[in-house]
Amino acid sequence: MTIKSINNVPLLGFAAYSGTGKTTLLEALLPKLTATGLRIGVLKHAHHNFDVDKPGKDSYRLRKAGASQMLISSRYRHALMTETPDAEASFEYLLTRFDHQALDLILVEGCKNIAFPKIELNRKEVGKPWLHPSDDNIIAIASDSELDVRLPTMSINDLDAITTFILNYVNPEASQSNKEAACCDTLSPAFLSVKQGQKQILNAVNALATHETIPLIHSYGRTLAKSISSPINVPAFTNSAMDGYAIIGADAGREQFKVVASVMAGSGYDQELRSGESVQIMTGAPMPAGADTVVMREQANVDGKLVSFGDASIKTGQNVRQAGEDLAINQPVFDAGTLLQAPEMGMIASLGLDSITVNRRLKVAIFSTGDEVQAPGTPLQPHSIYDSNRFTIMAMLEKLGCEIVDLGILEDDESIMENAITKASSDADLVITSGGVSVGDADFIKNVLEKHGNVDFWRINMRPGRPLAFGDINGTPFFGLPGNPVAVMVSFINFVEPAIKKMQGVEQFVPHKAVAIASEPLRSRQGRTEFSRGFYEFSEESGQLTVRTTGKQGSGILRSMSEANCLIEIAPHIDTVKEGESVTIIPLQGRI
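Note that this is a predicted model, so its numbers are computed, not measured.

A.B. asks: Which residues make up empty space enclosed by the protein, and what values do they have?
C.D. replies: Applying the stated rule across the entire model yields one cavity of 30 Å³ or more. By volume, the largest cavity is sized at about 60 Å³. Lining the largest cavity are Gly221, Arg222, Thr223, Asn359, Arg360, Arg361, Leu362, Leu400, Gly401 and Gln504. Classifying every residue of the lining of the largest cavity by side-chain character gives two nonpolar, five polar and three charged. No fewer than three residues from each of domain 2 (219–233 + 328–355) and domain 4 (363–504) sit in the lining of the largest cavity.

Here's what the structure looks like:
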């Protein structure tokens, strides 16, 4: 996705190699542009460290003393200097720092690896290669060379020609035309972004309406169908938070206390504690009537039936857990849609509940197609492949707690395929297959889908996993995933998993993401979302997550997925992530 404007303010860059004279050209252009009435903001990206402040100035001293943000203001201007020692600010974030209501145009010097409209600058004497052959975001060229290209060209020394081009670019009518074209390209059903595909799929599926009551012990991975409120106080009674001696807080200044009893967890002291008395008490044991404070055992000096606490600092109410401190009776605990895992199961058990109402398991039918696909365990025939995708998908479905209906490998026979698919659509909540459903494939499955369903064949703007089919068969949602093994998993994580979670009633649909520092350069192609297999780890030295790729990234290299613990997601507007820069990752633990 190309960033053409922000808050309706057009964006235009100057892309060139160092030494071409970008700053000099901008310095000469700005007076001509501002003379026409344009209000212009400029974003300059520097590859090296820089400091706009001067040593000795007050603002410089305050920054060096520890201010992470320093705002300095005068009658004529103000400036905000922000320290970013951990990660460089993103291009999109920097653009939001401008006051867009006060601008007609934002010019950018540098950032040539980011997708937004640019004029390429080139001088023969610099001896650098052309950028436009590999960058579709270059909309014009200013150089001192003769060129035979389709792009508009100007002399890099003709300031009036470059000014005229920029004024035409900012022209409201031309700007509106560009926006409409971009909108049509973006929303075409044959070419969707990852987010657009996710949105359309999630809008098309609904949570199951049926539920069941099951023993709590069997509820792991299920989704609550009804909200839970606490039927009791938690804790049920006021108790000691540690091993020690229970006393009356008002007696804290006494030199000695008489130990009148010892109370273990599960027992109690049935008399009211009097002034000057103490009860030895264990963690979790109920507090004696009248006692409100516990002094830890390590601070106690015991002499037969007497105990003293020396110089220990004692505060009334210390080391005591009040009844209902965690939860009061009727206080909400979990909402419907909560995914039940170990902490939730333990919490529910602490309320005394041994059964729970959950959404019914999602039943998913899965099959493979093609005479060239063989089941593992049989001799591999010439020109055939073993069916790996079905096993990959079934494993991910099992991880999500689905009930799996395995239809095996369907022959390339239209009647067999039609009977199997229509039966699956009536027996299951969701139908999934892989391969044979991309645009242009000549498979029998296409005819079946057209007869019994409403299925769209999409091209998703991503790699791997461009082809995707989604729709319904007799009202049952259907996914046709790509045929390449890695593309199957990447597509499943981004599209199928969120849909399944919504159908299960889970509130969090989309994959969890994190930010890591690239430990090696990463490349992508602008205009699409790139998912690389990666391995992230925690760096003791930097205190941050770092990530690297697993090596070759071919969509058929299944081993690269088994060696990965994350997907590295590179956004469409970026083609290069340098070593040390931030990048988004999708952790895979618990997902595949």
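A.B. asks: Which residues make up the sheet that holds strand E29 (residues 467–473), and what values do they have?
C.D. replies: Spatial ordering of the open sheet is given by E25-E22-E26-E30-E29-E27, a layout of six strands whose pairing is mixed. In the strand order of this sheet, the two ends are held by strand E25 (403–410) and strand E27 (453–459), each with one partner. Strand-to-strand twist in this sheet, taken as the mean axis angle between neighbours without regard to direction, amounts to 15 degrees. When strand E26 (residues 430–434) meets strand E30 (residues 476–481), the two strands line up parallel, connected through four bridges.

A.B. asks: Talk me through the packing of aromatic side chains; I want residue IDs and the actual numbers.
C.D. replies: Between two aromatic rings, the relevant description is the distance of the centres plus the angle of the planes. Using the criterion set out here, one finds five aromatic pairs in the structure. Here phenylalanine 257 and phenylalanine 309 contribute two aromatic rings whose centre-to-centre distance is 5.5 Å and whose plane-to-plane angle is 45 degrees, an arrangement assigned as tilted. Placement of phenylalanine 257 in strand E14 (residues 257–263) and of phenylalanine 309 in the loop between strand E18 (306–308) and strand E19 (320–321) is noted, with a sequence separation of 52 residues between them. Considered together, phenylalanine 257 and phenylalanine 309 belong to a single accessibility category, that of buried residues. For the pair tryptophan 458 and phenylalanine 470, a centre-to-centre distance of 6.1 Å together with 40 degrees between the ring planes defines the contact as tilted. Pair noted here: tryptophan 458 is in strand E27 and phenylalanine 470 is in strand E29, with a separation of twelve residues, a long-range link. Grouping residues by exposure puts tryptophan 458 and phenylalanine 470 together as buried. Members of the aromatic cluster, connected to one another through ring pairs, are Tyr245, Phe257 and Phe309.

A.B. asks: Report on the packing of helix H8 (residues 389–399) against helix H11 (residues 485–504), specifying residues and quantitative values.
C.D. replies: Two numbers describe a pair of packed helices, the interaxial angle and the distance between the axes. Taken N-terminus to C-terminus, the directions of H8 and H11 make an angle of 30 degrees; their axes are 11 Å apart at the nearest point. When the axis of H8 is compared with that of H11, the two are roughly parallel. As for the relative orientation of H8 and H11, their crossing is right-handed in sense. Within the contact between the two elements, H8 uses Asn389, Thr392, Ile393, Met396 and Leu397 and H11 uses Pro485, Val488, Met489, Phe492 and Ile500. Here the contact of H8 with H11 is built from residues that sort into eight nonpolar, two polar and no charged.

A.B. asks: Account for the side chain of glutamine 504, naming residues and giving values.
C.D. replies: The topology assignment puts glutamine 504 in helix H11. Within the local environment of glutamine 504, its side chain forms a polar contact with the backbone oxygen of leucine 400, the two atoms lying 2.7 Å apart. Among residues more than four places away in sequence, those in contact with glutamine 504 are Thr223, Asn359, Leu362, Leu400, Gly401 and Cys402.

A.B. asks: Which residues make up the packing of helix H6 (residues 194–204) against H11, and what values do they have?
C.D. replies: At a closest axis distance of 10 Å, the pairing of H6 and H11 adopts a crossing angle of 30 degrees. The angle between H6 and H11 places the two elements in the roughly parallel class. For the element pair H6 and H11, the recorded crossing hand is right-handed. Residues Val194, Gly197, Gln198, Ile201 and Leu202 of H6 form the contact with H11, whose participating residues are Asn494, Phe495, Pro498, Ala499 and Lys502.

Criteria and cut-off values
Residues numbered from 1 in each chain as written. Predicted model: local features only at pLDDT ≥ 70, side-chain atom pairs only at ≥ 80, totals over all residues. Heavy atoms only, no water. 1 Å grid on protein atoms, 1.4 Å probe; cavity = no way out; pocket = protein on both sides within 12 Å on 5 of 7 lines; lining within 4 Å. Points joined across faces, edges and corners; volume = space filled by probe spheres on them. Nonpolar A, V, L, I, M, F, W, Y, C, P; charged D, E, K, R; others polar. Domains from an automatic or database assignment. Pairing = 2+ DSSP bridges. Helix = DSSP H or I, 4+ residues; strand = E, 2+ residues; numbered from the N terminus. Axes fitted to C-alpha atoms, helices over the stretch in contact; angles between N-to-C directions. Phe/Tyr/Trp six-rings, centres within 6.5 Å; stacked < 30°, edge-to-face > 60°. Buried < 20%, exposed > 50% of the residue type's maximum accessible area, 1.4 Å probe, protein only. Parallel < 35°, antiparallel > 145°, perpendicular 65-115°, else oblique. Left-handed = near helix turned anticlockwise from the far one by under 90°. Contact = heavy atoms within 4.5 Å. Polar contact = N/O pair within 3.5 Å; in protein donor to acceptor, adjacent residues only side chain to side chain.

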